[in-house]
Protein chains: 2
Amino acid sequence: MRRSDAPPTMKDVAREAGVSLGTVSKVINGIPVGESYRRRVEEAIRDLGYRVNTYARGLKTNKTNCVALVMPSLHHPFFAHLTDELTACLMRRGYRSLLMITDFDPEAEQKCFDMVRQNKADGVIALTYSPDLEADDSLPIVTIDRHLNYSVPCVSSDNYAGGELAAEKLLSLGCQKLLFVRIGPEIRGEADRRGEGFEHKCRALGADYTRLILRDWETEAPIYRFLDQHLRDGVLAFDGIFCNTDDLAARVISFLRTRGVDIPGQVQVIGYDGIADYATGRYACSTIEQPIAQMAEAAVEILLDPDRVFSGERCALPIRYIPAETTRD
Amino acid sequence: MRRSDAPPTMKDVAREAGVSLGTVSKVINGIPVGESYRRRVEEAIRDLGYRVNTYARGLKTNKTNCVALVMPSLHHPFFAHLTDELTACLMRRGYRSLLMITDFDPEAEQKCFDMVRQNKADGVIALTYSPDLEADDSLPIVTIDRHLNYSVPCVSSDNYAGGELAAEKLLSLGCQKLLFVRIGPEIRGEADRRGEGFEHKCRALGADYTRLILRDWETEAPIYRFLDQHLRDGVLAFDGIFCNTDDLAARVISFLRTRGVDIPGQVQVIGYDGIADYATGRYACSTIEQPIAQMAEAAVEILLDPDRVFSGERCALPIRYIPAETTRD
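Residues numbered from 1 in each chain as written. Chains lettered and ligands numbered in written order. Predicted model: local features only at pLDDT ≥ 70, side-chain atom pairs only at ≥ 80, totals over all residues. Heavy atoms only, no water.

Here the focus is the nonpolar core. Core analysis: the largest hydrophobic core is formed by 61 residues, its most contacted members being A:Leu86, A:Ile125, B:Leu86 and B:Ile125. With near-sequence residues (within four places) excluded, A:Ile125 lies in contact with A:Val67, A:Ala68, A:Leu69, A:Val70, A:Leu86, A:Val142, A:Ile144, A:Ala299, A:Val300 and A:Leu303. Counting residues in each nonpolar core, the second largest holds 36 residues, with B:Ala68, B:Phe113, B:Val116 and B:Ala121 among its members. (Core = buried A, V, L, I, M, F, W, Y, C linked by side-chain atoms within 4.5 Å. Buried < 20%, exposed > 50% of the residue type's maximum accessible area, 1.4 Å probe, protein only. Contact = heavy atoms within 4.5 Å.)

Next up, the structure:
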């Protein structure tokens, strides 16, 4: 892809130094690595003339004033609200928003990135699912919820804290046997930290918990089977459930109610996302709310900052708990 | 706005002939008008060298391969789904979709049109609310649900047939005292034809109906007051309600249930839009479904057709009825 006269990238530094991209990232960010690694990376940076804060990190000078938004779909309200907020943020700054819909297709995702690389936009804000997207350093990218590689900033809600908060809430509401249910894509993303935070808090508080993690979001049948296996005479073996999305929570709640389970009487449920129904303003379940407007603001700020220096760190924005009809608070 | 060497527009023809834009439109489309009017318009067209099928109607040759989508917001699922489908249609044809969010602000709407006019897109598909948007003939536009002026094609669902179908359904389900409730913007749009179709069908079938039409969508209080005034001992004076949107239907249903009214036992309700909840796939109410994918396809087809000739006619796409839990079918 790269022409030989293009400025050196982090990948070149890693190749030259014979280390991983992660090691280069650490050295650049001042995170301790073995002394010999550090020296090799620094030498490679010097030899190649690699500049951390180059045009590659900021926006190109040949500006289009256009930022591409790569989204899987606008049928899910989270994606729709995020796209709305991102577009509003860009317009306030005089930028135009080039919308690309991938329908969760890895090829379409790669095609979008290639289009942007062909100079048709100044940068890209992407929410993608392909495990092996090629995004070289010459393309200014900010991702939402997904780490592409060490050199791409990733904005998300504080998923880990959200998981912890869900565990805390369920326990403080009297639950004693907790269940975490996750359904989603095979690829690991920031959203997986919801479960990690939940489990960490359960362990820290000595709580009894079980987890059911599905990496195939095409079918929920295994979840319903699992729930049926843990139902005896209309009583579920768990009294507190944390679902990794509100959508999943809505389906779990609906399923359990058809089985005669009283929610929140017998079982309390918390989801994640926090998007109220447009018409009624009601929440499908008690939930951990993602700060969508702030996430959009942060993604645009990071992308457009001309002095942006490399940072592989996550930008995880504060979440909050919203009680609704599926918990007893 | 127009430079004097720009090609003549329909407005120029109307001015030259001393007639309204509507008269020019009728003459061009072969709709009968008074003979003297017809002659004046034809003379003006000849004198000015006005060409119906000019570059002004098709897309400019200096192409950007970009189409602007002007939308009020993506928080409402109808706008989000429509934007999703429009973008997919454009991408399939090698066009890019420039998203602009106006937040229902007339100034923002005008600004979007001006941006597109400054050659930053080949055309625009717009869903707007301002009563006096300036959109001259040199800007290829297709609108959704709103007539800008006689020269701009408008795509919508067949709102009139939808209203008729709602009346038919409620009557065939045994309702005898019908109510139509409308809430929305002050500006008249295609959606107003829902009520017209409903009333026409009621009159044609000799049915008893009442209407409550609010042209201030900021507050629903008058609707709730009206319903309370027509409630006696928990019985509503109507047994069939058609609401102009599913959102309104959801709120009316919720309100009536808090008053102890049994839906659909005592009162049956039909809404309009037909967008199922993302998580559960359930509909908030029995509804008339808008064919969003076909509307997007039609809007893009009409906009991109290089041989497009002037047509002030509506493109009203077929609707269908979807029964759900708020009617007894």
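Looking at the assigned domains, one finds that chain A contains domain 1 (10–52), domain 2 (65–157 + 293–317) and domain 3 (159–290). Taking only C-alpha atoms, the centre of domain 1 of chain A and the centre of domain 3 of chain A are 42 Å apart. (Domains from an automatic or database assignment.)

In this section: helix H7 (residues 193–204) of chain B. All names here are of chain B. Given a rise of 1.5 Å per residue, twelve residues ought to cover 16 Å, and the 16 Å separating the end C-alpha atoms of H7 matches this to within 8%. All of the buried residues along H7 are Arg 194, Gly 195, Gly 197, Phe 198, Glu 199, Lys 201 and Cys 202. Turning to H7, the residues buried within the fold contact helix H6 (159–172), strand S6 (177–183), strand S7 (208–214), strand S10 (240–243) and strand S11 (268–273). The positive-phi residue at the C-terminal boundary of H7 is Gly 206, with phi of around 65°. (Helix = DSSP H or I, 4+ residues; strand = E, 2+ residues; numbered from the N terminus. Expected span 1.5 Å × (residues − 1).)

All names here are of chain B. Of note, Thr 210 is situated in strand S7. Sequence separation between Thr 210 and Gly 281 is 71 residues; the distance between their C-alpha atoms is 32 Å. Not counting residues up to four positions away in its chain, the partners in contact with Thr 210 are Leu 178, Leu 179, Phe 180, Phe 226 and Phe 238.

Residues and elements named next belong to chain A. In space, the six strands of this open sheet follow the order S7-S6-S10-S11-S12-S14, with mixed pairing throughout. Two strands in the sheet have a free side with no partner beyond their single neighbour: strand S7 (208–214) and strand S14 (320–322). The average undirected angle you get between the axes of adjacent strands in this sheet is 20°. With three bridges joining them, strand S12 (residues 286–289) and S14 adopt antiparallel strand pairing. Note that in S14 the partner of Ile 288 across the bridge is Tyr 321. Helix H7 (residues 193–204) rests against strand S6 (177–183), S7, strand S10 (240–243) and strand S11 (268–273) of the sheet, and its axis sits at about 165° to S6. Set on the sheet, helix H9 (residues 246–258) makes contact with S6, S10, S11 and S12; between it and S11 the angle comes to about 155°. (Pairing = 2+ DSSP bridges. Axes fitted to C-alpha atoms, helices over the stretch in contact; angles between N-to-C directions.)

What follows is about unusual backbone geometry. Residue A:Pro264 is bonded to the preceding A:Ile263 through a cis peptide linkage, with omega at 10°. Positionally, A:Pro264 belongs in the loop between H9 and S11. Even without glycine at this site, B:Asn65 takes up a positive phi of about 60°. Relative to the helices and strands, B:Asn65 resides in the loop between helix H3 (35–48) and strand S1 (66–71). Unusually for a residue other than glycine, B:Asp103 sits at a positive phi of about 50°. Within the fold, B:Asp103 resides in the loop between strand S2 (96–101) and helix H5 (106–120). Assessed through its relative accessible area of 58%, B:Asp103 is described here as exposed.

Before going further, it helps to spend a moment on the confidence of the model for chain A. All names here are of chain A. Confidence in the prediction for chain A averages 87 pLDDT; 90% of positions are at 70 or higher. Contacts of residues 53–60 to residues separated by more than four positions or lying in other chains number 28 contacts, the stretch itself having pLDDT below 50. Our summary of model confidence lists the complex with pTM equal to 0.80 and ipTM equal to 0.79. (pLDDT = per-residue confidence, 0-100.)

Each side of the interface is counted separately: chain A has 30 residues, and chain B has 30 residues. A per-residue breakdown of the area chain A buries against chain B is headed by A:His75, A:Arg96 and A:Tyr278, which together make up 24% of the total. At the surface where chain A touches chain B, the tally comes to zero salt bridges. Joining chain A to chain B, the criterion identifies ten residue pairs in polar contact (both at pLDDT 80 or more). Of all the secondary-structure elements, those providing two or more residues to the side of chain A that touches chain B are helix H4 (77–92), strand S2 (96–101), helix H5 (106–120) and H9 of chain A. It is H4(A) that contributes the most residues to the side of chain A that touches chain B, eight residues altogether. Per-class residue counts for the side of chain A that touches chain B are 14 nonpolar, nine polar and seven charged. Pairing analysis gives three bridges linking S2(A) to S2(B), with the strands arranged antiparallel. Residue pairing for S2(B): A:Leu98 is matched across the bridge by B:Leu98. (Buried area = accessible area lost by both parts, 1.4 Å probe. Salt bridge = Lys/Arg side-chain N within 4 Å of Asp/Glu carboxyl O. Polar contact = N/O pair within 3.5 Å; in protein donor to acceptor, adjacent residues only side chain to side chain. Nonpolar A, V, L, I, M, F, W, Y, C, P; charged D, E, K, R; others polar.)

Take the packing of aromatic side chains next. Under the counting rule described, the total for this entry stands at 16 aromatic pairs over all chains. Note on B:Phe226 and B:Phe238: the rings are 6.0 Å apart at their centroids and 10° apart in plane angle, and the pair reads as stacked. With a gap of twelve residues between them, B:Phe226 in helix H8 (residues 221–229) and B:Phe238 in the loop between strand S9 (235–236) and S10 connect regions that are remote in the sequence. Judged by its relative accessible area of 13%, B:Phe226 falls in the buried class. Taking the relative accessible area as the measure of exposure, B:Phe238 reaches 6% and is therefore buried. Members of the aromatic cluster, connected to one another through ring pairs, are A:Phe78, A:Phe79, A:Phe104 and A:Tyr129. A cation over a ring is seen here: A:Arg194 above A:Tyr272, with NZ or CZ 3.8 Å from the ring centre. Of note, B:Arg146 hangs over the ring of B:Tyr129, and the distance from its end group to the ring centre comes to 4.6 Å. (Phe/Tyr/Trp six-rings, centres within 6.5 Å; stacked < 30°, edge-to-face > 60°. Lys NZ or Arg CZ within 6 Å of the ring centre and 35° of its normal.)

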